[in-house]
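# Coordinate inspection notes
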Amino acid sequence: MPTFSRKVSLIYFVIATLLIVGLVPLLLTGWTLSDKSAGELRAAENRYQIQLVQEKARQIEMFGRRFESIVDGLGVALELSHDPKIIGASGTEAKLGEVLRQNPDLLALSIKPVGVDSLSVFRPGVAQADIEEIAASAVNNHEGDGVWIGPPQRVASSGTLGMTFSREVKINGAVAAEIVAIASMQNIAQSVVGISGAKSEDLWKQGLPIIFVVDSSGKTIFHPDKGFVESRHPMTNLKIVSEWLESGSQVQSALVPFTAEEAGSKYDMIGAYSTARVGANQNFGVFTMQDTSRALAIVGEMKWQTWMISLLFAVFALAAGLVLSRWMTSPLLNLASAAKQIASGDFSRRVKEGNITEIGTLGESFNVMSDKIEEQIANLARAAEENRELFFGTVKALAAAIDGKDKYTRGHSERVARISVAIGKRLGMPETELETLRMSALLHDIGKIAIDDAILKKPAALTPEEYEIMKTHPQKGYKIMSQIPAMKDFLPGMYMHHEMVNGEGYPQGLKGDEIPLQAKIVSVADTFDAMTIDRPYSRGMQLQAALTRLRELVGTRYDSSVVEALVGACEAGEVANGIVRQMASIRDQQAAEDDDEHNPAEEPPAAPSGEGSVLPTAGEESAAESDEAPLIPLVEEELTVVDVEVLTVPPIECPTEDLALEDAELLELTS
């Protein structure tokens, strides 16, 4: 009694695999947590940017309020004296100097009394003329009560950006003087921007945060790039700036994600702005922006760390999984390898049964399937070979049936097929196309089966009506063979082998490249064979004479590449003067015997003439309609070219007195 080894069910390995795949939940959890952390980080970054611009805006506002209070305090002190003379007193000048020393950001203080000279104090490096000019501008532009704040402007002598604060001093109800303070904005700019001397393009490329301040027209007041500040570069091309200008003082601060283009590169930016109000008449926009990918770079680091942790677990799972999976999948791999070999054509491969129940059963079924496939493939191969041989035999039989109607053209189709294949090889055609070419050449005259034997076998020249009937054999052959789907690849050579490259052929009058290569080859091979067939009235041409004549017809009837391929085949010994000339003496003897038997007392028939012209006989039709001479057959294996020349016999003479030009050329070709 046979013993059976215990087989393990595949389900246990599936369960083990599912446990190992628990790594997937770990990855999903880590990814989800990192995404959530990324969202929190993005929100925190947004809050930070909002807080940052609000803080910078408050610094600018505090800067303005400090100097606003200084100017306002001096004005109140002078007004409380109720004495206009105190404005020009030495004590007032000393007080102005004390205020200047206590405020390092104060560039100058000036009191312009009504009707008298100004009283001014200023720091070294600042020209008094600049102070007088700025103060006069402030007095002229002053509007309303209280402290009026002018727009930032550069002090020419020191090159420092300053802001003016002015206030009218009224004593006893009349304007007695105008107090003007010029405050330097250098320190506040450093405090707000944080860095200086950087280039704008470098900040964009490095993805660093950019903080800048613009005035109410969008022109730069503070910026890390000094060139922007000195030229008062407009920043309105940035969406965040244009949005602030549109909102005006309605929005205190906002977060704006936007896309910016710099030096031909586009950046996804995240930015925020806040409005700094200095006095009652000056508003400044404080902005911060940064490349989103750089601002949230920590998110990428978090995800990378998550992947690294997951990778460590994956390595462990892989090590454990390899041990189990190799044992489980080894039979499956053998089965897959066997399937590939069978797919590649090796049907002898079989697989060993595994210890796993399901895999063992699969292996048994696979081996049974392989046996059946191998048996069926062998049967199909034999049937295919039998069909192929039957097909080729049928085609040869059809060709032989046509050629057999005329003893002078027996073997013509087979020789044309061999010559065509030799030309096709010279032209580099693949084996599949050469086989198609061979079949097409074998069938090229199949349409003659529908031509009346009285015309086909007529030994004399054809009448014009008979010649027109003979010219229909390509259409007849096409009509016969086009009904068979398997013949469609052979139709071009069969249907178009009487076309000429100059368009004067038949049945369609095609020109040049309109004629398929298959038809061009069969046409040349057909003519080449017919040119050397011995006729009752002429002997076939010599090899070189035939090739020379074919070359003369290049461009009008034949394609140059095809003719040259034939010449090359002849020079290589693949094609030479053929079998028909070797058998000429035997055929002549048989023809004489046939004539004696059927016409014992009659003279050999002369070619009829009508209206001064003689049409070709049925056997030479393929050459006559376009000055083509009959073609040369291939050399049989048992004969050499030397044997061919020895076995030739003189031609039978044919009268030429009444021949037309076309027939005279034919005789010239075959002489």
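Residues numbered from 1 in each chain as written. Predicted model: local features only at pLDDT ≥ 70, side-chain atom pairs only at ≥ 80, totals over all residues. Heavy atoms only, no water.

### As for the overall build of the protein
- Scanning the protein for helices and strands turns up 25 helices and 11 strands.
- For the protein, buried positions account for 44% of its 671 residues.
- Counting only contacts in the protein whose residues sit at least 6 apart along the sequence, the fraction spanning at least 24 positions is 67%.
- Carbon and sulfur atoms make up 56% of the accessible area of the protein, which amounts to about 34400 Å² in all. (Helix = DSSP H or I, 4+ residues; strand = E, 2+ residues; numbered from the N terminus. Buried < 20%, exposed > 50% of the residue type's maximum accessible area, 1.4 Å probe, protein only. Contact = heavy atoms within 4.5 Å. Areas by Shrake-Rupley, 256 points an atom, 1.4 Å probe, with all protein chains shown as cover.)

### A few points about the packing of aromatic side chains
- Under the definition given, this model contains seven aromatic pairs.
- Taken together, a centroid distance of 6.0 Å and an interplanar angle of 45° make the contact between Y273 and F287 tilted. A residue pair is termed long-range when its members are at least 10 positions apart, and Y273 in strand β10 (residues 265-278) and F287 in strand β11 (residues 282-291) qualify at 14 residues. Here Y273 and F287 have matching classes, each one buried.
- Connected via pairs of aromatic rings, a cluster forms that spans F212, W244, Y273 and F287.
- The ring centre of Y506 lies 4.9 Å from the NZ or CZ of K471, which sits over that ring. (Phe/Tyr/Trp six-rings, centres within 6.5 Å; stacked < 30°, edge-to-face > 60°. Lys NZ or Arg CZ within 6 Å of the ring centre and 35° of its normal.)

### Quick look at the environment of Y267
- If you trace the backbone, Y267 turns up in strand β10.
- When near neighbours in sequence (up to four residues on either side) are disregarded, Y267 contacts W204, K205, F258, T259, A260, E262 and D291.

### Quick look at the pattern of salt bridges
- Scanning the model with the defined rule gives 17 salt bridges in all.
- Here K471 ties to E468 by a salt bridge, and the two come within 3.9 Å at their closest N and O atoms.
- Judged by relative accessible area, which is 45%, E468 ranks as partly exposed.
- The structure contains a network of salt bridges with shared partners spanning D72, E79 and R167. (Salt bridge = Lys/Arg side-chain N within 4 Å of Asp/Glu carboxyl O.)

### So, the confidence of the model for the protein
- Scored by pLDDT, the protein has a mean of 76; 75% of the residues are at 70 or more.
- Low pLDDT, under 50, characterises residues 578-587; the stretch is placed with 30 contacts to residues that sit more than four places away or in other chains. (pLDDT = per-residue confidence, 0-100.)

### Let's talk about the pairing of strand β1 (residues 106-113)
- Within β1, seven of the eight residues are buried, which leaves the element mostly enclosed by the surrounding structure.
- Here four bridges tie β1 to strand β2 (residues 119-122), and the two strands are oriented antiparallel to one another. Note that in β2 the partner of I111 across the bridge is L119.
- Following β1, the chain reverses through five residues before pairing antiparallel with β2; G115 in that reversal takes a positive phi of roughly 85°. (Pairing = 2+ DSSP bridges.)

### Comments concerning the environment of I377
- Within the secondary structure layout, I377 lies in helix α11 (residues 357-403).
- Under the relative-accessibility criterion, I377 is labelled partly exposed at 34%.
- Measuring from C-alpha to C-alpha, the distance between I377 and G345 comes to 9.5 Å, with 32 residues separating the pair along the chain.

### Digging into the sheet that holds strand β8 (residues 220-222)
- Ordered in space as β8-β7-β11-β10-β9, the five strands form an open sheet in which the pairing is antiparallel. Of all strands in the sheet, those with a lone pairing partner are β8 and β9 (253-262), marking the two edges. Ignoring which end each strand starts from, the neighbouring axes of this sheet average 35° apart.
- As judged from the 10 bridges shared by β9 and β10, these two strands associate in the antiparallel manner. If you follow S253 over to β10, its bridge partner there is S274. (Axes fitted to C-alpha atoms, helices over the stretch in contact; angles between N-to-C directions.)

### A closer look at unusual backbone geometry
- With an omega of 10°, the peptide bond running from Y506 to P507 counts as cis.
- When you line up the elements, P507 lands in the loop between α17 (491-496) and α18 (517-530).
- A positive phi is found at N172, a non-glycine position, where the angle reads about 60°.
- You can see N172 is positioned in the loop between β5 (160-171) and β6 (174-184).
- The phi dihedral of R232 is positive, around 50°, even though this residue is not glycine.
- Considering the arrangement of structural elements, one finds R232 in the loop between α7 (226-230) and α8 (239-247).

### Notes on the environment of V71
- Counting through the fold element by element, V71 comes out in helix α2 (residues 23-81).
- Residues V71 and V147, 76 residues apart in the sequence, show an inter-C-alpha distance of 7.3 Å.
- If we skip the residues at most four places from it in the chain, V71 touches V147, F165, S166, R167, I179 and A181.

### As for helix α4 (residues 128-141)
- Taking 1.5 Å of rise per residue, the 14 residues of α4 would be expected to cover 20 Å, and the 20 Å separating its terminal C-alpha atoms lies within 8% of that figure.
- Contacts made by the buried residues of α4 are with β1, β2, β3 (148-149), β4 (153-155), β5 and β6. (Expected span 1.5 Å × (residues − 1).)

### Quick word on the nonpolar core
- In terms of nonpolar packing, the biggest core is built from 46 residues, with I60, F165 and F222 touching the most fellow members.
- No other element matches the 11 residues that α2 contributes to this core. (Core = buried A, V, L, I, M, F, W, Y, C linked by side-chain atoms within 4.5 Å.)

### Concerning helix α19 (residues 543-552)
- Every buried residue of α19 is listed here: L543, A546, L547, R549 and L550. With its buried residues spanning 160° around the axis, α19 presents them on a single face. What points out from α19, more than 90 degrees from its buried face, is the exposed set Q544 and E552. (Arc of directions from axis to C-beta.)

### Things to note about the side chain of Q49
- Tracing the sequence through the fold places Q49 in helix α2.
- Residue class for Q49 comes out buried when judged on its relative accessible area of 2%.
- Filtering out sequence-adjacent residues up to four positions away, Q49 remains in contact with L255, I270, G271, A272, T288 and Q290.

### Overview of the packing of helix α12 (residues 412-426) against α18
- Following both chains from N to C, one finds α12 and α18 inclined at 125°, their axes separated by 8 Å at the closest point. The angle between α12 and α18 places the two elements in the oblique class. Handedness of the crossing formed by α12 with α18: right-handed. Contact residues: H412, R415, V416, I419, S420, I423 and G424 in α12; I521, V522, V524, A525, D526, F528 and D529 in α18. (Parallel < 35°, antiparallel > 145°, perpendicular 65-115°, else oblique. Left-handed = near helix turned anticlockwise from the far one by under 90°.)

### So, the packing of α12 against helix α13 (residues 431-442)
- It is the contact of α12 with α13, at a shortest axis distance of 8 Å, that shows an interaxial angle of 150°. As summarised for this structure, α12 and α13 are arranged roughly antiparallel, according to the angle between their axes. Note that α12 runs across α13; the crossing there is right-handed. Between α12 and α13, the residues in contact are S413, E414, V416, A417, S420, V421, G424 and K425 and L434, L437, R438, A441 and L442, respectively.
- Broken down by class, the residue content of the contact of α12 with α13 amounts to seven nonpolar, three polar and three charged. (Nonpolar A, V, L, I, M, F, W, Y, C, P; charged D, E, K, R; others polar.)

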